[in-house]
Amino acid sequence: MKYDPKSSIAGEFINHEEILATLDYAKENKNNKELIEAILEKADKAKGITHREAAVLLECDDDELNEKMYRLAEDLKKRFYGNRIVLVAPLYLSNYCVNGCVYCPYHAKNKEIARKKLTQEEIKQEVIALQDMGHKRLALEAGEDPKNNPIEYILECIKTIYSIKHKNGAIRRVNVNIAATTVENYRKLKEAEIGTYILFQETYNKENYEKLHPTGPKHNYDYHTEAMDRAMEGGIDDVGLGVLYGLGTYKYELVGQIMHAEHLEAKFGVGPHTISVPRLRPADDVDPSQFPDALSDEIFAKIIAIIRIAVPYTGMIISGRESAEARKMALHLGVSQMGAGSKTSVGGYDEHNKDEEGTTSEQFDVSDNRTLDEVINWLIDMEYIPSFCTACYRAGRTGDRFMELCKSGQIQNCCQPNAVMTLKEYLEDYASDDTKQKGDKLIKEELKKLPSEKVRAIVEEKLAKIEQGERDFRF
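To start, this report covers the structure provided alongside it. Computed from a predicted model, the values in this text were never measured in an experiment.

Its location among the elements puts proline 146 in the loop between β2 (137-142) and α7 (151-163). C-alpha of proline 146 to C-alpha of valine 183: the two residues are 37 residues apart in sequence and 16 Å apart in space.

Here is the structure:
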């Protein structure tokens, strides 16, 4: 097959020969300082770089140039996302699955894991527990099982989640991470008013992919890889990419991931809304030592920096898979969203829904087990603004409209005020005394930084109303 980023065929827009040629080109130029300097100079214009240029940066082992790369990544992150960190939590609906993925404990042959599917009443309990923590944004997770987890079940769950208002709590954005499906089903998800549709590719190497997914519908590499195209055709204009680093060689995966972003931009004029960077973690029935391509923290950091440089407008997500130390590093180099207080089991949030003693249904081990309040306190100490903002989705600033605002920098006029106001809501409703004290101080400092006196006056007015009990203001 011939490489064609505008093609709808997986083997053409994620072209194996092009990836191999790219990796060879990168090796040949790993010591080409003039070229690397030129790539970094181009990247500084905040228009992104190509997959070949990204591969060259990945091969570079010059300490001085690498340090320059890290500084640029941090600078680009600040230009597009400031010091805001959006917080999200996964909600596992069901771990029934018909696939045979060898790296996931939900695989169909695992007879040890406790299988569970939440009822609508149990979902209500989970959502109330999440609202009582302070969460406003969820990512739904479910195994692929046409009998137990049909699209009708997912749609019913979304409707239930949006309907629950508990005290001052409300879930304002539901992102969905479910298996590749049809254009018709993506239209249904769009009509259900989801936020971002997320689907991890796991690995872009087709041969490796088919070995890792030996049975079940997920075995079909092309159908899975072309899912984002069908989602876009179904009207979902915010999609999220991800690979599971550690399943395959990281150099191949990074090039494939950036090629996928280039494909979406070339075909639809809209790149990925988010890119996730999970690493393989221990889990029931899964031993990471069986996979030889585990990533060191040093390589992981470089991958995050390069993604930020290559696709500067894209939100980057890191989960609780990573330790607090690794997440701190990731925040500096490009990550703009993170999970907090996360549970990766079905029914993990509400005490009534948890597994029976002696069983487990976690999809993977969580390294960062801190509560949402502890994570927020930590972020404030580092002078980040913890944000629960969902304004863009609810105001129709999605797809090409969002990207246009983001690439031009105009989105900052909305994001900073919205972050401050949603943080204030959290401080009033859920924060510990220490977090509230620190957060109120941070808000005062951030108000001074707002460039528009008019906007500052409006935000101050809204903050006063939040203190008086009103909620859900947004720009």
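Once the structure has been displayed, the description carries forward.
So, about helix α2 (residues 16-28). Between its first and last C-alpha, α2 extends 19 Å over 13 residues, near the 18 Å set by a 1.5 Å rise per residue. Residues of α2 that are buried sit in contact with α4 (51-59) and α12 (250-268).

With that settled, consider the side chain of threonine 196. Residue placement: threonine 196 occurs in the loop between α8 (183-191) and β6 (197-198). Threonine 196 sits in the buried class, given a relative accessible area of 2%. Within the structure, threonine 196 has its side chain in polar contact with the side chain of arginine 173 (distance 2.4 Å). Excluding anything up to four places from it in sequence, threonine 196 contacts Arg173, Asn175, Val176, Asp238, Val239, Gly240, His273 and Thr274.

Below, the discussion takes up the pairing of strand β7 (residues 239-242). Side chains Val239 and Leu241 project from β7 onto one buried face, and the interleaved Gly240 and Gly242 project onto a second face that is buried too. Across two bridges, β6 lies against β7 in parallel orientation. Across the sheet, the residue bridging to isoleucine 198 is glycine 240, located in β7. Pairing of β7 with strand β8 (residues 274-276), which is carried by three bridges, proceeds in the parallel orientation. Considered in β8, the bridge of leucine 241 is made with isoleucine 275. In this fold, the crossover linking β7 to β8 by way of α12 has right-handed handedness.

Moving on: the pairing of strand β1 (residues 84-94). Burial analysis of β1 places eleven of its eleven residues in the buried class, which makes it a mostly covered element. Of the strand pairs in this sheet, β1 and strand β11 (residues 385-387) are connected by three bridges, and their pairing is parallel. From the neighbouring strand, valine 86 faces β11, where its bridge partner is serine 387. Bridge count for β1 against strand β10 (residues 337-339) is three bridges, and the pairing is parallel. Following the sheet pairing, valine 88 is matched in β10 by glycine 339. Crossover connection from β1 via helix α6 (residues 120-133) to parallel β2: handedness right-handed.

Quick notes on the rules
- Residues numbered from 1 in each chain as written.
- Predicted model: local features only at pLDDT ≥ 70, side-chain atom pairs only at ≥ 80, totals over all residues.
- Heavy atoms only, no water.
- Helix = DSSP H or I, 4+ residues; strand = E, 2+ residues; numbered from the N terminus.
- Expected span 1.5 Å × (residues − 1).
- Contact = heavy atoms within 4.5 Å.
- Buried < 20%, exposed > 50% of the residue type's maximum accessible area, 1.4 Å probe, protein only.
- Polar contact = N/O pair within 3.5 Å; in protein donor to acceptor, adjacent residues only side chain to side chain.
- Pairing = 2+ DSSP bridges.
- Right-handed = clockwise from strand over helix to strand, strands pointing away.

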